[in-house]
Amino acid sequence: FPGLAINYCLKRAGIRITDVAHIGISRVPTAHLINKLTFVLYNRLMFTRQGLDRLRSVEKVRNIKTVLAESTGVSESSLTMQFHNLEHHVAHMASAFLVSPFESAAILSIDGFGDFCSTMFGRGSGTGLEKIDSVMFPHSLGLFYTSMCQYLGFQSYGDEGKVMALAPYGEPRYLEDMLRIVRPDREGAFELNLDYFTHHTHGVEMSWEEGHPHIGRVYSDKLLELFGEPRQQHEPITPRHRDLAASLQKCLEFHLFRILNRLHQYTGAASLCLAGGVAYNSVANGLIKQNTPFQDLFIQPAAGDSGTALGVAFYIWNTILGNPRDYVMTDAYLGPEYGEQELEQSLKAFGASYVRCDDIEEQAAELLAAGKIVGWFQGRMEFGPRALGNRSILADPRQAEIKDVLN
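No experiment lies behind these values; they were computed from the predicted model shown.

J.: Can you explain the overall build of the protein chain? Please cite residues and give values.
T.: Check the secondary structure of the protein chain and you find 17 helices and 13 strands. Relative to its length of 407 residues, the protein chain is compact, with a C-alpha radius of gyration of 23 Å against a globular reference of 22 Å. In terms of principal-axis extent, the alpha carbons of the protein chain reach across some 65 × 60 × 45 Å. The buried share of the protein chain, reckoned over its 407 residues, is 42%. Put simply, 70% of the contacts in the protein chain that link residues at least 6 apart link residues at least 24 apart. Accessible surface, the protein chain as shown: approximately 22,200 Å² in total, 54% of it carbon and sulfur. One way to put it: in the protein chain the 37 positive side-chain charges average out to a point 5 Å from where the 46 negative ones average out.

Structure below.
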């Protein structure tokens, strides 16, 4: 539960939790209940450990008021705000469209899973959102990408970006094999060949060791029959691994552009808003205009699940309460900032040597040219996982060995 983040936001706004009138939660435990029951009955799933953990998690969602009171140090009876549960992918769509510069746009939310759904097509107009169609569990492009990242030895949550960066070093020699694992369907979407996965029979095992999420293996042994033994986490990366990464990326792009072309047929919109974890794939995003009719694209910087907080807040403000849209997200600098006195105290606490300099840009440039690594820290922290200038590691790309030095 993000108690520290909530308390930071209250402090930044100069208010107490008892001043808050509305709270949004980007989850509806009962969403798509018919689909869930049908799937469970059809597959005769038993109550596994993951299933029991999921039920306990749902109970926590329902008791959010109690947890909130404990985290903010007030009595539960003093909390008089209204709570709103918003479906996961609707929150994703709202997080992109309602802070975009567009009066109307097509919207695509695409990730692993949320509320039994992996992909949602929609359109936005004014302060309203309309759902057009969805791709439901167990089919997911996000989960497919994660499964191949695991196979390639990238086990940590969020490692998909590393595999995306590996892809340009290879050739898509295994693309036909990838398209057998995740196939196009007749509706312009996709479906997984479930023989290669385990999430639909065993669930997805997720733990939070040391505050970081860890996802258990989601691919089956059949993937090993197709591609051979998986790479272990610290083994060398071979040309075959590079080619697999390139093939994975091309497969994702094939399906993404197919979905977007279908969405354009539905909406006829010139503008597109994109959200969900797959929207972090900046390589694919850079090819959207070349491969679809969309002319303008907006993706807010916390496109993953953290951004659903943004979505529920603006959905309540604009769509439920009917307030006009008067905010466009033009930068990501929404997090904490620290003054010079706080920085100096931290440096002293760590025993770090330091100097003050007025010509900081020139000094940094000289250090970079000399092959040094520069940690750049200024202003407010970026919202989302990408370093966008305020929290960055800088190095001189002209030096051939610099990547190894950084790693």
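Next comes the rest of the write-up.
J.: How would you summarise the environment of Gly228 if you had to cite specific residues and measurements?
T.: You can see Gly228 is positioned in the loop between helix H10 (222–227) and helix H11 (239–267). As for Gly228 and Tyr151, which are separated by 77 residues in sequence, their C-alpha atoms are 9.9 Å apart. What Gly228 contacts, discounting residues up to four positions off in sequence, is Tyr151 and Leu223.

J.: Quick rundown of the sheet that holds strand S5 (residues 128–136)? Include the residues and the values.
T.: Overall, mixed pairing links the 5 strands, which are arranged S5-S4-S3-S10-S11 in an open sheet. Of all strands in the sheet, those with a lone pairing partner are S5 and strand S11 (296–298), marking the two edges. Between one strand axis and the next, the sheet turns through 20° on average, direction left out of account. Across 8 bridges, the pairing between strand S4 (residues 117–125) and S5 is antiparallel. Looking across to S5, one finds that Cys117 is bridged to Met136.

J.: I'd like to hear about the packing of aromatic side chains, residue by residue, with values.
T.: The geometry of two aromatic rings is summed up by the distance between their centres and the angle between their planes. Scanning all chains against the criterion turns up 7 aromatic pairs. Ring geometry for Tyr151 against Phe227: centres 6.1 Å apart, planes inclined by 55°, an arrangement best described as tilted. Here Tyr151 is found in helix H6 (residues 141–151), whereas its partner Phe227 is found in helix H10, with 76 residues between them in sequence. Among the residues examined, Tyr151 registers a relative accessible area of 0% and is labelled buried. Measuring from ring centre to ring centre gives 6.4 Å for Tyr338 and Phe377, while their planes differ by 35°; the resulting arrangement is tilted.

J.: Can you break down a nonpolar patch on the surface residue by residue, with the values?
T.: There is a patch of nonpolar side chains on the surface, built from Ile373, Ile393, Val405 and Leu406 and spanning about 370 Å² of accessible area. Tracing the sequence through the fold places Ile393 in strand S13 (residues 391–394).

J.: Describe the pairing of strand S8 (residues 206–209), naming the residues involved and giving the relevant values.
T.: Pairing geometry for S8 and strand S9 (residues 212–215), over 4 bridges, is antiparallel. Across the sheet, the residue bridging to Glu209 is His212, located in S9. The hairpin formed by S8 and S9 contains 2 residues between the paired strands, and Glu210 there has a positive phi angle of roughly 55°.

J.: Talk me through the nonpolar core; I want residue IDs and the actual numbers.
T.: Core analysis: the biggest nonpolar cluster contains 51 residues, and Leu108, Phe144, Tyr151 and Phe227 have the highest contact counts within it. When contributions to this core are tallied by element, the ones reaching two or more residues are strand S3 (104–114), H6, helix H7 (160–166), helix H8 (175–181), strand S7 (190–192), H10, H11 and strand S10 (271–275). It is H11 that provides the largest number of residues to this core, a total of 10 residues. Setting aside residues no more than four positions away along its own chain, Phe227 makes contact with Met148, Tyr151, Tyr174, Asp177, Met178, Ile181, Arg240 and Leu244. Formed by 25 residues, the second largest nonpolar core is a distinct cluster that contains Ala96, Leu98, Phe116 and Tyr315.

J.: Can you tell me about the state of the cysteines, naming the residues and giving the values?
T.: What the rule picks out here adds up to 0 disulfides. Between Cys149, a free cysteine, and Cys251, which holds the nearest cysteine sulfur, the sulfur-to-sulfur gap is 13 Å. Taking relative accessible area as the criterion, Cys149 reaches 1% and is therefore assigned buried. You can call Cys251 buried: its relative accessible area is 0%.

About the cut-offs
- Residues numbered from 1 in each chain as written.
- Predicted model: local features only at pLDDT ≥ 70, side-chain atom pairs only at ≥ 80, totals over all residues.
- Heavy atoms only, no water.
- Helix = DSSP H or I, 4+ residues; strand = E, 2+ residues; numbered from the N terminus.
- Rg over C-alpha atoms; globule rule 2.2 N^0.38 Å.
- Buried < 20%, exposed > 50% of the residue type's maximum accessible area, 1.4 Å probe, protein only.
- Contact = heavy atoms within 4.5 Å.
- Areas by Shrake-Rupley, 256 points an atom, 1.4 Å probe, with all protein chains shown as cover.
- Lys, Arg positive; Asp, Glu negative; His and termini not counted.
- Charge placed at Lys NZ, Arg CZ, Asp CG, Glu CD.
- Pairing = 2+ DSSP bridges.
- Axes fitted to C-alpha atoms, helices over the stretch in contact; angles between N-to-C directions.
- Phe/Tyr/Trp six-rings, centres within 6.5 Å; stacked < 30°, edge-to-face > 60°.
- Patch = residues over 30% accessible without salt bridge, like charges linked within 9 Å, V, L, I, M, F, W, Y side chains within 5 Å.
- Salt bridge = Lys/Arg side-chain N within 4 Å of Asp/Glu carboxyl O.
- Core = buried A, V, L, I, M, F, W, Y, C linked by side-chain atoms within 4.5 Å.
- Disulfide = S-S within 2.5 Å.

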